[in-house]
Amino acid sequence: MIYSKSSIKNIAESIGIPKLKDGITTAMAQDVEYRLHEIITEAMKFMRHSKRTKLTVADINSALRVRNIEPMYGFEAGRPIKFHKAASVIEDIYYVEDEEIDLSTILEEPLPNVPLEVVYTAHWLAVEGVQPRIQQNPIPLDADTEENGPAAKKIAKSQHKNQDGVDTIPLVKHVLSKELQLYFECITGSLQSTDPIVRSTALESISVDAGIHQLVTYFVQYVAVTVKNNLHNLDTLRTALAVARAIRRNPNLFVEPYMHQLIPSLLTCLVSKRLCEEYTEDHWSLRNGAAEQIADICRNYGHSYHTLQSRIARTLLRAFLDPTKPLTTHYGAIVGLTKLGASTAKVLILPNIKAYMTLLSTEMEKTNPQLAHEGKHCQEALLDALRVIAREESAASEGGWLEPAKLNSVQKSKLSTVVGEPMAGVVFAEKDGGEIVAGVLAISKNDKTPANTS
Amino acid sequence: MSSKKSGLSETPPATTGTSSAGNVQQTPRDSTSLTTSANGRNASQKHIEKIVLQYLKSKGYKDAEKALREDAMLDISETTLTDLANAFPASEVGSDASVPSWILFYNEAEQGNPDAYNQSYKELRRWIDSSLDVYKHELYAASYPIFAHSYMDLLHRGLCEKASEFMELYSSDHKVFHSKDIGVMATLKTKHHVEENELAKLYRENKYGIRMTRVGFELLLSFLQDHHYTLLMRTVNQHLNIRTIEGTAPISSEAEADMGITGHTQNQLDHFNSQEVLLGSAPLDPFVRDEVERTLQSEADRRVKDSVSSEAVGLLNVFSKTKQDSNVNGLAPRDAIPMPPPRGIEVEQQIASLKAVRKRISLGPAALPSVCMYTLHNANNALNCAAVSEDLSLLAGGFSESYIKIWSLKREPLRGFASNFYPALVNSMDDAEALRDKTTDDCRKLVGHSGPVFGLDISFDSKYLISASEDKTARLWSLDTFTNVVCYKGHNYPIWDVSFAPQGFYFATASHDRTARLWSCDHIYALRIFAGHLSDVNCVRFHPNSKYVVTGSCDKTVRLWDVQRGSCVRVFTGHTGSVDTVAVSPDGRIMASAGEDQTVNVWDLGSGRRMDTLTGHTGPVYSLAFSQEGTLLLSGSADETVRAWNVKRSASASEHPIIVNRRIEKQTMQQDEEESGLREGGNQNSNGTTGMDHQKEKTLSPAAHPDAMDVDAGEGKTADKHKSGSSSESKKRDAAGVWKSKRVPESDALLKTWRTKSTPVYNVTMSKRNLAVAIGAFSL
């Protein structure tokens, strides 16, 4: 029984009848429940003919009117009625919230907005029996979404919500043929082999094969995962880099959309703190290789992604100028910047050499052999950078060739003002020192670089 | 139908419990046993009479007692019933012993044992459960009215607790087919409720129809007799209208066995459904016919002079063909309903429809239609109904806020004629055009009703709109002036639906007052009142020849009414919920109905039999539409889908509908095994139809290149294969994502489901060119 005796009692009390006999309440409860059902059945007809699936107050009122009963005034609100639970000791009582409204404030309020006009839109639900995949039609449900039906529905629901103006992306499932799967397994297997011939054959295959476009995303993924999981395994990292190079080199593949996935792995290989077990291992060449590839990517795709090079340069510069970063990272940053081109090196490295050298010399003065080893490499890298700058400068000069400067103390002091005392010494120790000095000094002569003024 | 009345139901319907007991006794078997013992017959007959007399006395039936005493010349002895029963001759204890013991048992149960209903019904249930599968369906179907009446009897006797216990125990048995009625019944709590409730009255005052095979019927009777379940026996006798079907074909589903309450005895039903109906197309007015021919001929001649190949020649061919058809199959002019004299617009209309016939895309199971969907936004659940005009130029919607809104589908401004002007100044058509108002809006509001608008329809020439409302009126609106022209009063309760006749002029309304009415536009009172439905009439549609009206009702029946005689000519039973929409195929032979029970039933109008039951919708069905060939049925539903169904109309199907139904049943049972084979069959079938369609096209358009046609046909076949494959795929897909996570077994005839985005489909229409239009209101 939905309508209990106590409800009758409660209602009776609320309208001022304090005590009702038990027999009366029982009979009343039965009858009230029946009458309610009767009205609701009638109201359902109105609901059905209004083509709704929810019963409204208006339906009940229509039903009452049909039965010649006074309708209930005051409940026909636009919003659905909410029932609140009253705290009661014995049992729950529900009531409709009836908030007090201050008429004066309502009168002063501006009129509410006029509701939107009913408008119609037309679209093809089906064209010769086939439902076109357009925004107005729901996404077709896949045959195999039997088990994740609710999920599919959730997507459909969210699509409903942003129906206006947002394009729907068809959920296309990527299907890989059996052959390609086998090929991929074979290649990744060979890449892990210890035999260099097998590995190079695999890489060769990646770099020339025409039919593996569907696998590009998998290879990119492979590189990323390998780099992430084998940060201290130099050999594996080398292989990963080789794979990246092979994909890029393959003329049959369109890899541009995957570059953003590849670059983070390459950067990792370039500036990571440690890329090997022992510091004596030659991780420098790995870094050089990574720098090469990044520079290559910037050259090839820089025209379509304008911010690519500047973003990478900014990242590297930050690494270069951060004294808390280890020397290995610095090395990577310097190499990377150098490879990005002479102009980048000129603007970003040259002004900072002087400051950096002071840091480097303090590091190198420590008795740690590892630091000394790394510092030496950094110096080399800087030197390389200077070489690149000087070469560029001499090529840009009027004769296309700069006379190598005399390695005398005048030049040395001039150079020291640009790159600092220690670096000047290093430069002077080089065979091609004269050319470098000439180039660097030509720059500082041509334009007052920030380093010169500071 | 191969049916005849059983021995039992030939006896006149009993009105009291007493005669029911005696009534059962008169089966032929018993009478033979009586005649064999001719000697003891008199004595025992006397004895029985005495017992009956005593019974009448104890029950206080004074008049009956007196009558019996006078007729049988019995004297009153002061013996009790028990004594009489004991004194009954022992030799007669056998089949006849049941007489006194029945009366005794009956008496006792009536007075004392409140558990009698419960116990006997429980036994009946157990017996049905253990009976043969072949008879289970019909026995289950028969057990439902027994259940319902037992419950109401209990209430009537004031045993409310027992009644609710009874309901609780057994209601789940019948929830599948009768959940709505049971829901209402469960709310009945006292004797008074039973006496005044509409549904209870319906059950008490009418007989419940059941179809049974002879064997099944006899099984049931003998079971009830053998166990002396007099209470149930009485229900069977008093409240059941059992129609036995001869032959071996068992009844294959409960829904088929269940006819429900029709408000008619079986005799009347048989009579209704055997009446002659004339389903041919309406004859063309001779004036219109000649005029059309003349216009086309002159057009053709002119073009021939210009040596331009013209479509008028083609149209003439089509016209002569339709003329022939209507001569063969059409109604004789005296059978057709009278129409006002033609005004000229009919000629244009006829030519336009001929053009449409020529441009029609032939549809079939292999060639599904294009569906244009009109979605109404910001309706905020206030839209009640919608319609498009036949030429697809206007869209109209009826709203809860008592107004009607019309949109131009061509996005042209709807400019009505001004109502005040000087007639003297209007000399030409241009003057009249200048009188239109200067609005640029492509939508208009029609205000006039004082209650929600529940139904509307636009006339065939798009000149008038008729609307029906909760305010008990129907209103005719002119679409030239966008004003209300006539207000038709007559119904005493809200009007649910309204529909124009295909040739205009007449319209029909369906109302809450349980009647449908026929009106003509020029009379403000109804010309005919179609009374007979036992509950609200929900929908009404005209037969294409305007001679008949089809109505669907809350009483779960669909009826066909003769417009001229105003009488019911067919009753279609089989729905398990109220019928909300009906549609008649353009050739007038078949009819489809659907509604709350989410199934679509296809009926053969001529024989009055069900051809097919289409399941698959997961919400109430709001609208149905046949393709122009009648081979395809579209349905729009609250489950936010439009579905296309294959309408099988092979000659054998209409001859043996029961067999057709059984096949479907079997298919659902053994779907996995048979599916592939069936689909192949369907393929062949549909291939055949495409071939035929192409042939038809060939004959229709002789100008077309035959080679191109052949290529087309070949392509059609291959495309067809693809389509049937994809349709089976789509079926699977549908099973995956269903509306409100409900699962409904989809019948084999489902060709395709098109989902919408949160838009319940209120209306589907087929244009003359076989373009489908669906209308719905976007709702979150």
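Residues numbered from 1 in each chain as written. Chains lettered and ligands numbered in written order. Predicted model: local features only at pLDDT ≥ 70, side-chain atom pairs only at ≥ 80, totals over all residues. Heavy atoms only, no water.

### A word on the packing of aromatic side chains
- Counted according to the given criterion, the structure contains 29 aromatic pairs over all chains.
- Note on Phe166 of chain B and Tyr170 of chain B: the rings are 5.2 Å apart at their centroids and 70 degrees apart in plane angle, and the pair reads as edge-to-face. Of this pair, Phe166 of chain B and Tyr170 of chain B both sit in helix H10 (residues 160–187), four residues apart, which is roughly one turn of that helix.
- The class of Tyr170 of chain B is buried, set by a relative accessible area of 2%.
- Members of the aromatic cluster, connected to one another through ring pairs, are Tyr121, Tyr144, Phe147, Phe166, Tyr170, Tyr203 and Tyr208 of chain B.
- In this arrangement the basic side chain of Lys51 of chain A is found over the ring face of Tyr622 of chain B, its NZ or CZ atom lying 5.6 Å from the centre.
- The cationic tip of Arg411 of chain B hangs over the ring face of Tyr120 of chain A; the distance from NZ or CZ to the ring centre is 4.3 Å. (Phe/Tyr/Trp six-rings, centres within 6.5 Å; stacked < 30°, edge-to-face > 60°. Helix = DSSP H or I, 4+ residues; strand = E, 2+ residues; numbered from the N terminus. Buried < 20%, exposed > 50% of the residue type's maximum accessible area, 1.4 Å probe, protein only. Lys NZ or Arg CZ within 6 Å of the ring centre and 35° of its normal.)

### Quick notes on the environment of Thr324 of chain A
All names here are of chain A.
- With respect to the helices, strands and loops of the structure, Thr324 is situated in the loop between helix H12 (307–321) and helix H13 (327–339).
- Residue classification places Thr324 among the exposed positions, given a relative accessible area of 69%.
- Among the polar contacts listed, one links the side chain of Thr324 to the side chain of Asp322, at a separation of 2.6 Å. (Polar contact = N/O pair within 3.5 Å; in protein donor to acceptor, adjacent residues only side chain to side chain.)

### Notes on the interface of chain B and chain A
- Facing the 69 residues of chain B at the interface are 53 residues of chain A.
- For the pair chain B and chain A, the summed buried area comes to about 5300 Å², and 55% of that belongs to carbon and sulfur atoms.
- For the pair chain B and chain A, the interface holds seven salt bridges.
- Residue Arg67 of chain A pairs with Glu198 of chain B through a salt bridge whose shortest N-O separation is 3.7 Å. (Contact = heavy atoms within 4.5 Å. Buried area = accessible area lost by both parts, 1.4 Å probe. Salt bridge = Lys/Arg side-chain N within 4 Å of Asp/Glu carboxyl O.)

### Describing the pattern of salt bridges
- On inspection of all chains with the given rule, the structure shows 35 salt bridges over all chains.
- The partner of Arg126 of chain B in a salt bridge is Glu123 of chain B, with the nearest N and O atoms 3.3 Å apart. Here the residue Arg126 of chain B and the residue Glu123 of chain B both occupy positions in helix H8 (residues 116–129), the gap between them amounting to three residues, near one helical turn.
- Here Arg126 of chain B falls in the partly exposed class, since its relative accessible area comes to 49%.
- Among the ionic pairs, Asp562 of chain B bridges to Arg565 of chain B, the shortest N-O distance being 3.5 Å.
- Assessed through its relative accessible area of 4%, Asp562 of chain B is described here as buried.
- Assessed through its relative accessible area of 52%, Arg565 of chain B is described here as exposed.
- Among the charged side chains, a network of salt bridges with common partners joins Asp31, Arg35, Glu38, Glu42, Lys45 and Arg67 of chain A together with Glu196, Glu198, Arg514 and Asp536 of chain B.

### Comments concerning the sheet that holds strand E10 (residues 453–458) of chain B
All names here are of chain B.
- Strand order in the open sheet formed by four strands is E10-E11-E12-E13, with antiparallel pairing between adjacent strands. Bordering the open sheet on either side are E10 and strand E13 (483–489), each of which pairs with just one other strand. Strand-to-strand twist in this sheet, taken as the mean axis angle between neighbours without regard to direction, amounts to 20 degrees.
- Pairing of strand E11 (residues 464–469) with strand E12 (residues 473–478) involves five bridges; the strand directions are antiparallel. Paired with Ile466 across the bridge in E12 is Leu476. (Pairing = 2+ DSSP bridges. Axes fitted to C-alpha atoms, helices over the stretch in contact; angles between N-to-C directions.)

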